[in-house]
Amino acid sequence: MTNHDKPASGIAYKQQDTQYFEKRGLRRHAGPWSLWALGVGAVISGHYSGWNLGLASGGWGGMVIATVIIAIMYLGLTFCIAEMSPALPHTGAAYSFARSSMGPWGGFVTGLCENVEYVLTPAVIVFFIGAYLGGIFETGPAFQPVWWLLGYIVFVGLNIVGVELSFKVTLSVTLLALAVLLVFWFSAFTHLDFSTWALNIAPGGGELEGGHGPFLPMGIGGALAAMPFAVWLFLAIEQLPLAAEESVDPRRDMPRGILLGITTLIVSAAMILFLNPSVVGVGAYALGQSGEPLLDGFKAIYGSGTAKFLSLLAIIGLIASFHTIIFAQGRQIYSLSRAGYFPTFLSVTHGTRKTPHVAMISGAIMGMVIMLICFFAFGMQEGSAVIGGTLLNMAVFGAMCSYIAQAASFILLRKHHAHIERPYRSPFGNPGAWATIVIALVTIYFQLSDGTYRIGVIGVAAWLAVGILYFALVGRHRLILSPEEEFAMEQRDQQRSAGGTDRAAKP
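Residues numbered from 1 in each chain as written. Predicted model: local features only at pLDDT ≥ 70, side-chain atom pairs only at ≥ 80, totals over all residues. Heavy atoms only, no water.

## Quick word on the side chain of Asn276
Tracing the backbone shows Asn276 in helix H12 (residues 250-278). Among the residues examined, Asn276 registers a relative accessible area of 0% and is labelled buried. Of note is the side chain of Asn276, whose polar atom sits 3.4 Å from the backbone oxygen of Pro293. With residues near it in sequence (within four places) discarded, Asn276 still touches Trp51, Phe184, Met271, Val282, Leu287, Pro293, Leu294 and Gly297. (Helix = DSSP H or I, 4+ residues; strand = E, 2+ residues; numbered from the N terminus. Buried < 20%, exposed > 50% of the residue type's maximum accessible area, 1.4 Å probe, protein only. Polar contact = N/O pair within 3.5 Å; in protein donor to acceptor, adjacent residues only side chain to side chain. Contact = heavy atoms within 4.5 Å.)

## Description of unusual backbone geometry
Residue Ala93 is not a glycine yet carries a positive backbone phi of 50 degrees. Looking at where Ala93 falls in the secondary structure, it is placed in the loop between helix H5 (54-87) and helix H6 (94-137). Here Ala236, not a glycine, exhibits a phi torsion of approximately 95 degrees, which is positive. Within the fold, Ala236 resides in the loop between helix H11 (227-230) and H12. Here Ala236 falls in the buried class, since its relative accessible area comes to 1%.

## Observations concerning the pattern of salt bridges
Using the criterion set out here, one finds twelve salt bridges in the structure. Of the charged contacts, one joins Arg414 and Glu83 as a salt bridge, the two residues approaching to 2.7 Å between their closest N and O atoms. Placement of the pair is Arg414 in helix H17 (residues 380-416) and Glu83 in helix H5, with a sequence separation of 331 residues. A relative accessible area of 1% means that Glu83 is categorised as buried. A salt bridge links Arg252 to Asp249; the shortest N-O distance between them is 3.9 Å. Classification of Arg252 as partly exposed rests on a relative accessible area of 42%. Taken together, the shared-partner salt bridges connect Glu83, Arg414 and Arg422 into one network. (Salt bridge = Lys/Arg side-chain N within 4 Å of Asp/Glu carboxyl O.)

## Description of helix H14 (residues 293-302)
Buried within H14 are the following residues: Pro293, Leu294, Leu295, Gly297, Phe298 and Ile301. Where the residues of H14 are buried, they touch helix H4 (45-48), H6, helix H8 (163-188), H12, helix H13 (284-287) and helix H15 (307-338). Phi turns positive one or two residues past the end of H14, at Gly303, with a value near 95 degrees.

## Remarks on a nonpolar patch on the surface
A surface patch of nonpolar side chains, amounting to about 410 Å² of accessible area, comprises Leu182, Phe186, Phe189 and Phe274. Mapped onto the fold, Phe274 is located in helix H12. (Patch = residues over 30% accessible without salt bridge, like charges linked within 9 Å, V, L, I, M, F, W, Y side chains within 5 Å. Areas by Shrake-Rupley, 256 points an atom, 1.4 Å probe, with all protein chains shown as cover.)

## Some thoughts on H17
With 37 residues, H17 ought to run about 54 Å at 1.5 Å a step, and its terminal C-alpha atoms sit 52 Å apart, in line with that. At Val386, H17 shows its largest kink, close to 30 degrees. Judged by how many residues are buried, H17 sits mostly within the fold: 28 of 37 residues are covered. (Expected span 1.5 Å × (residues − 1). Bend = angle between axes of the 7 residues up to and from the residue.)

## Quick notes on the environment of Gly383
Of note, Gly383 is situated in helix H17. Separated by eleven residues in sequence, Gly383 and Leu372 have C-alpha atoms that sit 8.7 Å apart. The residues contacting Gly383, other than those within four sequence positions of it, are Cys374, Phe375 and Phe378.

## Notes on the confidence of the model for the chain
The predicted model of the chain averages 90 in pLDDT, with 96% of residues at 70 or higher. The secondary-structure element of the chain with the lowest mean pLDDT is helix H1 (residues 6-9), recorded at 49, while H5 shows the highest, at 96. This model gives residues 1-8 a pLDDT under 50, and the stretch forms 19 contacts once residues within four places in sequence are excluded. Segment residues 501-507 is flagged for pLDDT under 50; beyond a separation of four residues in sequence, or across chains, it makes zero contacts in the model. (pLDDT = per-residue confidence, 0-100.)

## A short note on the side chain of Thr355
For Thr355, the position within the fold is in the loop between H15 and helix H16 (357-377). Residue class for Thr355 comes out buried when judged on its relative accessible area of 0%. Engagement of the side chain of Thr355 in a polar contact is seen with the backbone oxygen of Ile160, the distance being 2.8 Å. Once residues lying within four places of it in the same chain are set aside, the contact partners of Thr355 are Asn159, Ile160, Gly162, Val163, Arg331, Thr349, His350 and Met360.

Structure (structure tokens):
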């Protein structure tokens, strides 16, 4: 037992032999296009549904302003990550960045916030997948848990089979999801009446017959209130660094994958935001209350007679995001477990396939249990509303907290660890990181101002409280010198050594 950090923070490390890490090995496979698909695929379901609810808060113009602001936040975040991930190429990602810049407690709390996002987001997505499948196959509401279970079994299974298959499926479903969007974009261009339909929300939020309404029907306050919904156009792009130890050349490919991904998403977000509400027969008012905005657009163009076929198309984006976030969920739990923050059995990888199967299965079970509790405790109808609303809000809140921590890590790493080799440097520097922090805080404020969002925030607070209690009582005494921990301690020792040299050199 070693006690490197114990005098300052009560942290104790246990030195493990090579056998420990052999049982937790990963296999390198991903190139820049696999990483691009991992990032875009995780987000793409948000272009199919979810974003549109912001139209009810701010109207079309308000949603545009909200999307621009949130895009700025994600640009700041992704450029920070593009610099940090090749400099700290470990599976830990957000936890790793915060561990090197803010110590074990900072790393754990950041990882715990991200854990909320990656456990709950796939649960919400599989809930929507179940809703679509229920409509296609005409199964009743009571059958929904069966769809959820089947979704987890199939896509956790695909991720367990091997990283090669996992990335092939990721690339395939991401390209297919983008192809569906492309079909919609080209189809919509011949069925547009922007002023009549996109601007059909009256001041105060009612429907305006004939359209030609104001750009900001709810004022600038409505635009700011739409920000949490605009997050769904980009949420989870930040998961890319979790594949660092499965990337062939993370120092070169990780920045490329991240920046290609955010560029793709910005273009897609702009197209869907302009086209979907402008389709004749749809409109911003109806989309602001719809659970299936892309499907509504397809039905308006091709007719409702093809509804089941169009539903199958619309489900592709959900499948792409579900599959890729299951991948991220497993790596996120794996990294915290390998370092001892979570129980170490969670980080054992498959003996031959080298995938973190225990972490993925455990995360899936946790998400499924939470959904079943909501479904049966609140009843089928109210329970569905809790899963589709409250759990979604919890995932967004956890994400915002992790974004703030990652941007702060970027600033601190530049300040205190300037000596770390950085294969890529963010052109936005610290101002980009500060923009991320400020916009994330504003988004949280508007989450707290909404009663539905506040329930989710309370849920995340309880999640964090349980995790922090476990770490305080157990986890901090059982940490392991994983790659993330060793790197962080080496940088700390170099910083202290450099500080001592500087002091000795002074007259």
